[in-house]
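Take a look at the letters that make up each chain.
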Amino acid sequence: MQVKVAKSAGFCFGVQRAVDTVYEQVEKGMRPIYTYGPIIHNEVVVQDLEEKGVQVLNSQEELEGLTEGTVIIRSHGVGKEIYDLIQRKGLHCVDATCPFVKKIHRTVERESQAGKQIIIIGNDKHPEVEGIKGWCSTPAVVLESPEQAENFKMLKAVPLCVVSQTTFNYKKFQDLVEILDKKRYDRSVVNTICNATEERQAEARQIAGEVDAMIVIGGSHSSNTQKLFEICRNECKNTYYIQTVHDLNLGVLRSTGLIGITAGASTPKKIIEEVQTRCLN
Ligand code: F3S
């Protein structure tokens, strides 16, 4: 049996960096350590960190209640008010915001201070969007659907600056920008979409097209894993979805020549390696 593992399987660069940052702080012996929100949507990782003494803060109130320790900001980033609060409380801040998200913070801060109206294309409830809003010196407008873009009206004649949530779908982003364009506002558009998800999907499609069987690893509630499974299934009918190495049915894979492996965005490298090793032994 031969195995081909997708290079883009699992954590994207920003999430890997954030998770590594937490483990580094643990190694350094910094105590107590908190992450502002779970560092990643993977229970195994969060629990492992918990056992090493890392606690998750679930709200601003919980942060307010701290008197000492290190607070780690996850890859989604947070608004300026959270940094200010950490500083006011005299806590140590370790910033693991993804550099691509940080770049959006700097853009909206600069452009809103220059008097522009910031438009964020994304999901208003998503923590990343919350964080971006928190860097605008005047209230930002969040647009997610074509209807919202159609209904959007500028009350003052100021130029617009349009940015996007990093994980927003590019086609939908373009559609919304087109609707805004019809209104003929003075605007600048900064495409801040990160292509990590698209790259993972494209590579999964390519590998699934070359192999005899494909394994997709990921959490049961992970929508991006589900999407990867569908993509692979379209290319290779022997596609199997598993959560960990324990779900692997080697019986059905025995007679297969080449096996491909990919994994959703919140699957740790360790799980991917375990599956790979199991297939090879
Ligand atoms: Fe990941 Fe950063 Fe892109 S967190 S999805 S690499 S914006």
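With that settled, the discussion passes to the sheet that holds strand β2 (residues 33-36). Whenever strands of a sheet pair, they do so through backbone hydrogen bonds, lying parallel or antiparallel. Strand order in the open sheet made by the four strands is β3-β2-β4-β5, with parallel pairing throughout. Across the chains shown, the open sheet's two edge strands, defined by having one partner strand only, are β3 (54-57) and β5 (92-95). Averaged over all pairs of adjacent strands, the angle between their axes in this sheet comes to 30°, without regard to strand direction. Pairing analysis gives four bridges linking strand β4 (residues 70-73) to β5, with the strands arranged parallel. What sits directly across from Thr-70, in β5, is His-92.

One pass over the structure, following the stated rule, counts four aromatic pairs. Between Tyr-83 and Trp-135, the ring centres sit 5.7 Å apart and the planes meet at 65°, which makes this aromatic pair edge-to-face. With Tyr-83 in helix α4 (residues 80-88) and Trp-135 in the loop between α6 (127-133) and β7 (141-143), the pair connects residues that are 52 residues apart, well separated along the chain. Across the pair, exposure class does not vary: Tyr-83 and Trp-135 are buried alike.

Before going further, it helps to examine the nonpolar core. Counting 28 residues, the largest nonpolar core has Ile-215, Ile-217, Leu-248 and Val-275 as its most contacted members. Mapped by element, the contributors of at least two residues to this core are α9 (196-208), β10 (213-217), α10 (223-235), α11 (250-253), β12 (258-263) and α12 (269-280). Here the element with the most residues in this core is β10; it accounts for five residues. Contacts of Leu-248, omitting those with residues within four sequence positions, involve Ile-215, Ile-242, Leu-253, Val-275, Arg-278 and Cys-279. By size, the runner-up hydrophobic cluster in this structure holds 24 residues, among which are Tyr-34, Leu-63, Ile-73 and Val-129.

So, how was this worked out
Residues numbered from 1 in each chain as written. Predicted model: local features only at pLDDT ≥ 70, side-chain atom pairs only at ≥ 80, totals over all residues. Heavy atoms only, no water. Pairing = 2+ DSSP bridges. Helix = DSSP H or I, 4+ residues; strand = E, 2+ residues; numbered from the N terminus. Axes fitted to C-alpha atoms, helices over the stretch in contact; angles between N-to-C directions. Phe/Tyr/Trp six-rings, centres within 6.5 Å; stacked < 30°, edge-to-face > 60°. Buried < 20%, exposed > 50% of the residue type's maximum accessible area, 1.4 Å probe, protein only. Core = buried A, V, L, I, M, F, W, Y, C linked by side-chain atoms within 4.5 Å. Contact = heavy atoms within 4.5 Å.

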